[in-house]
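# Observations on the model geometry
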Amino acid sequence: MSQFARAEKAEASVRKGGRDMHPLAKMVLQRLGLGLVTLFVVSIIIFSAVELLPGDIAQQILGQAATPETVAAFRAELGLDRPPVERYFDWLAGAMIGDFGQSLANQREISSLIGGRFANTLFLAGYAAMIAIPLSVILGLLAALYRNSFFDRFINMVTLSSISFPEFFVAYILIVFLAVRGQVFPAISSLNEDMSLLDMLYRAFLPALTLTLVVTAHMMRMTRAAIINLLASPYIEMARLKGMSQARVIVKHALPNALAPIINVIALNLAYLVTGVVLVEVVFVYPGLGQLLVDSVANRDITVVQASCLIFAGVYILLNLLADILSIATNPRLMHRK
Amino acid sequence: MSHSKEKDNLLTIRGLRIEGKSGDHWNEIVHGVDLDLKRGEVLGLIGESGAGKSTIGLAAMGFTRDGCRISGGAIDFDGIDLVHATQKVRRGLRGHRIAYVAQSAAASFNPAHRLIDQYCESPIVHGVMSREQAETDAIDLYRRLHLPNPEEIGFRYPHQVSGGQLQRAMTAMAMASKPDLIIFDEPTTALDVTTQIEVLSAIRDVVRDFHTAAIYITHDLAVVAQMADRVKVLLKGEEVEEADTRSMLDDPKEDYTKSLWAVRSFHAEAKADISTQSTPVVSVSHVSAAYGKVPVLHDVSFDIHKGRTVAVVGESGSGKSTTARVITGLLAASDGEVRFNGHVMPTSYKQRSKDQLRQAQMIYQMADTALNPKQTIGEIIGRPVQFYLGLRGKARLERVRALLDEIELEPDLYINRLPSELSGGQKQRIGIARALAAEPEFIICDEVTSALDQLVAEGILKLLNKVQKDFGLAYMFITHDLATVRAIADEVVVMQHGKVVEAGPKDAMFTPPHHAYTDLLLSSIPEMDPDWLDKLLKQRGEA
């Protein structure tokens with residue numbers, strides 16, 4: 001599904017619920033509009049940046065031996081001889097209806113080239129998120145509950161160490177222990193469409209675990225900090241004076257008020273999971289969008305690079321929009337006006 | 001202490017000592033206090049800030065704030081030793097048999113949950129009753145506390161309910177498990193006088209009806225006179241004296257208690273009548289203003305003459321501070337004009353010259369937040385000296401020292417200190433010195449004494465009075481405290497809903513007949529008469 005179609009669908013669903021939640025719906029529409037403007041600006045930046053990349057695809061494909069005439073003819077065939085502004089609007093118009101054109105390198109439809117890859121990337125990101133988000137929120141709550149205890153320090157140390165190592169290093173360590181020596185999980189996470197879900201989960205476990213280790217520290221520490229920040233509030237003291245247990249104080253009284261910062265940091269990390277997985281995909285030979293992007297840059301396959309970048313940007317904007325909406329939805333002050 | 005007396009007690013405290021941690025060592029903040037409370041009795045704890053009232057109140061729940069600990073003495077609640085009881089036992093009592101009503105209900109209700117959910121929490125968690133029963137009770141209590149729409153109000157979030165209503169909802173929440181004892185920690189301090197009455201009478205009725213014992217903590221003597229059967233006066237963690245309310249009011253024994261009683265007697269001497277022909281220092285004429293599209297001021301007019309104090313009074317939201325913002329140019333008026341000495345001022349401070357800015361200075365309510373915590377007193381006062389008067393180096397230093405002398409703080413001792421090293425009253429004095437540094441003709445005092453204890457506040461009022469005489473200053477004195485108005489004002493402007501409802505000389509304002517709203521304000525000020533609240537409610541009931 002293209003970015004635009006996705007946005008349109010979200011908009012429609014908001015409109016449906018718009019009658020009884022007017023301020024929220026209005027806000028969502030505003031942010032959606034702003035998101036589209038951002039996406040437009042980003043598309044210009046992507047297009048110009050790729051234009052500025054050194055090297056020429058025609059030359060690349062035909063090789064050094066090609067005569068200038070052949071290169072020029074090939075460029076004309078690819079449409080590269082037209083002015084950049086014209087090509088940009090062509091591209092943009094196509095992108096809006098989900099048609100990113102053809103790969104320059106192998107003439108395949110980009111939408112079909114990317115579709116499967118993007119689904120794989122989303123699968124991996126979702127897999128990692130399913131483990132990382134509950135894990136880090138629970139660890140953060142426990143760390144806040146037992147703050148400054150041995151447990152708190154231990155959790156902090158472990159998560160900080162895992163974030164401090166480069167992700168490819170974490171990945172190789174996991175491969176050494178869990179794939180080579182332990183032989184529990186496969187080192188290469190190749191997927192194909194005939195696999196069962198269980199099989200896919202099994203194959204993608206190591207990259208998902210790597211990503212989990214990389215993002216957990218950030219979310220866990222933010223959860224802990226957001227909770228502890230609130231513990232000095234009068235309403236927390238009130239809860240204690242009502243005889244509530246420490247665990248109830250933290251989960252029932254502090255957590256609902258700490259959701260906005262936690263949601264924001266989760267969204268940031270989710271966006272990272274989708275767009276920042278290039279290295280992990282390469283290490284595990286995982287057939288995701290990141291790897292495609294790397295390959296396409298190497299091949300000067302600019303149309304694919306542009307499409308991938310635009311999708312990444314769309315994911316970033318959409319996730320941040322989602323975080324904004326959820327932050328508001330969890331804040332009674334904004335949901336229930338006076 | 002007779003044995004039989006302790007036997008009747010619900011709460012008995014003996015030799016209570018509490019320490020607070022500052023840096024690495026523990027300082028004692030409560031030095032051996034005794035307290036007796038019978039079932040159904042209301043004990044008033046009064047004293048200035050730092051007297052240990054709240055600390056003792058919380059200790060009666062077996063609770064100490066972070067960084068505090070009970071270091072000695074005994075607390076016995078109905079046969080349970082609260083000092084040595086396990087955390088679990090103490091938790092089982094809180095919200096069940098002992099409940100707490102906090103000073104700021106707005107801050108003490110969890111913003112994420114509906115009122116009724118917060119009401120039901122204690123009874124359900126402590127296993128006192130079912131959710132259905134608790135909800136039925138809640139609605140009944142909301143009705144008894146005269147909350148509007150008792151069936152519906154519990155399903156609102158705290159931010160959807162006004163401050164006075166929240167304070168009553170918090171009292172209802174404290175009553176939820178039908179406790180034996182409630183600690184009221186300054187429950188009406190944050191409220192306007194008109195709202196305070198409703199809350200006081202509601203609290204009193206409910207406590208009487210349920211025969212609940214209460215410790216009522218306050219710094220307001222007139223309030224305690226209405227609420228308490230007995231009063232205990234505290235000073236710096238020690239008991240000064242204790243007696244039943246009537247004898248304490250009629251015949252305080254200790255000097256400190258007498259000084260507390262005497263605070264309200266300060267009055268600035270009446271000033272000679274000014275000729276109305278002279279040009280006023282500040283003239284506000286037909287000013288209207290709005291925040292965005294929301295109009296907040298409507299056709300506000302008044303004059304302030306040299307050497308005079310105009311008190312602007314009204315409840316919160318009446319437009320007092322907004323008027324000050326228009327005068328200083330922080331908020332542009334949408335209509336009308338502000339004149340200094342007859343000259344029309346540009347509406348925005350950005351278009352005013354340095355000299356125009358110099359003429360009007362402000363002193364703020366919270367000296368804590370109005371002073372830069374990273375600057376020394378010398379820098380804080382020196383800055384306007386340099387900015388407005390262009391003095392530098394030795395001349396600037398001399399001026400700062402002279403200003404410190406003026407506010408009665410020894411220059412050598414204070415000039416290099418940081419605000420955090422000063423008491424609340426001293427910080428407010430620095431605020432005054434900073435305003436004086438610009439050599440203004442006019443100063444806006446925005447609730448300058450409402451965050452201070454009465455004795456300290458009196459000192460500030462006396463200082464402001466002296467400074468006014470020394471420099472012939474005109475004051476605009478924003479306050480909601482009518483005792484302060486009585487003490488210092490020459491003229492009074494009463495505001496309501498962004499309009500001036502009544503204006504005139506102080507004496508005329510305090511003599512009937514008043515505008516109906518002025519009358520409501522004036523009659524709502526608690527008096528040091530234990531029967532005042534009864535009489536007033538009876539009067540209003542008849543009217």
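A brief look at the structure comes next.

Quick notes on the rules
- Residues numbered from 1 in each chain as written.
- Chains lettered and ligands numbered in written order.
- Predicted model: local features only at pLDDT ≥ 70, side-chain atom pairs only at ≥ 80, totals over all residues.
- Heavy atoms only, no water.
- Helix = DSSP H or I, 4+ residues; strand = E, 2+ residues; numbered from the N terminus.
- Rg over C-alpha atoms; globule rule 2.2 N^0.38 Å.
- Buried < 20%, exposed > 50% of the residue type's maximum accessible area, 1.4 Å probe, protein only.
- Contact = heavy atoms within 4.5 Å.
- Lys, Arg positive; Asp, Glu negative; His and termini not counted.
- Charge placed at Lys NZ, Arg CZ, Asp CG, Glu CD.
- Buried area = accessible area lost by both parts, 1.4 Å probe.
- Salt bridge = Lys/Arg side-chain N within 4 Å of Asp/Glu carboxyl O.
- Pairing = 2+ DSSP bridges.
- Axes fitted to C-alpha atoms, helices over the stretch in contact; angles between N-to-C directions.
- Left-handed = near helix turned anticlockwise from the far one by under 90°.
- Nonpolar A, V, L, I, M, F, W, Y, C, P; charged D, E, K, R; others polar.

Counting its regular elements, chain B contains 24 helices and 20 strands. Taken against the 2.2 N^0.38 rule, which gives 24 Å for 543 residues, the C-alpha radius of gyration of chain B at 25 Å falls within 12% of a compact globule. A principal-axis box enclosing the C-alpha atoms of chain B has dimensions of 70 × 55 × 45 Å. Across the 543 residues that make up chain B, the buried fraction comes to 54%. Pairs at least 24 residues apart make up 68% of the contacts formed inside chain B by residues separated by at least 6 positions. In chain B, which carries 62 positive and 74 negative side-chain charges, the distance between the mean positions of the two groups comes to 4 Å.

The next thing to look at is the interface of chain A and chain B. Across the boundary between the two partners, chain A contributes 21 residues, which contact 28 residues of chain B. Roughly 2,300 Å² of surface becomes buried between chain A and chain B when both sides are summed, with 58% attributable to carbon and sulfur atoms. Three residues stand out in chain A for area buried against chain B, namely Met238, Leu241 and Lys242 of chain A, and they jointly supply 28% of the buried area on that side. Here chain A is connected to chain B by 3 salt bridges. The shortest N-O distance in the salt bridge between Arg65 of chain B and Glu237 of chain A comes to 2.6 Å.

Before going further, it helps to spend a moment on the environment of Trp91 of chain A. In this fold, Trp91 of chain A is placed in helix α5 (residues 84–96). Not counting chain neighbours up to four residues away, the residues in contact with Trp91 of chain A comprise Ser43, Phe47, Phe100, Gln306, Ala307 and Leu310 of chain A.

Residues and elements named next belong to chain B. In space, the 6 strands of this open sheet follow the order β6-β7-β8-β3-β9-β10, with mixed pairing throughout. Strand pairing shows two members of the sheet lacking a second neighbour, β6 (98–101) and β10 (238–244), which therefore form its edges. Taking the axes of each pair of neighbouring strands and ignoring which way they run, one obtains an average angle of 15 degrees across the sheet. Contacts from helix α8 (residues 163–175) reach β6 and β7 (181–185) within the one sheet, and its direction differs from that of β6 by about 170 degrees.

Residue and element names in this part refer to chain B. On inspection of all chains with the given rule, the structure shows 39 salt bridges over all chains. One salt bridge in this structure joins Arg168 and Glu198, with 3.2 Å as the shortest N-O distance. Placement of Arg168 in helix α8 and of Glu198 in helix α9 (residues 193–209) is noted, with a sequence separation of 30 residues between them. Residue classification places Glu198 among the partly exposed positions, given a relative accessible area of 40%. Salt bridges here are not isolated pairs; linked through shared partners, they connect Glu41, Arg230, Lys232, Glu239 and Glu242.

A few words on unusual backbone geometry. Residues and elements named next belong to chain B. Not every positive phi belongs to a glycine, and Glu186 is a case in point at roughly 50 degrees. On the basis of relative accessible area, Glu186 is assigned to the buried category, the value being 8%. You will see that Glu408, though not glycine, has its phi angle at about 65 degrees, which is positive. Topologically, Glu408 is positioned in the loop between α17 (393–406) and α18 (411–414).

Turning to the packing of helix α6 (residues 110–145) of chain A against helix α7 (residues 150–164) of chain A, a few remarks are in order. Residues and elements named next belong to chain A. It is the contact of α6 with α7, at a shortest axis distance of 8 Å, that shows an interaxial angle of 145 degrees. Handedness of the crossing formed by α6 with α7: left-handed. Of the residues in α7, those touching α6 at Leu139, Leu142 and Ala143 are Phe151, Asp152 and Ile155. Considered class by class, the residues forming the contact of α6 with α7 number 5 nonpolar, no polar and 1 charged.

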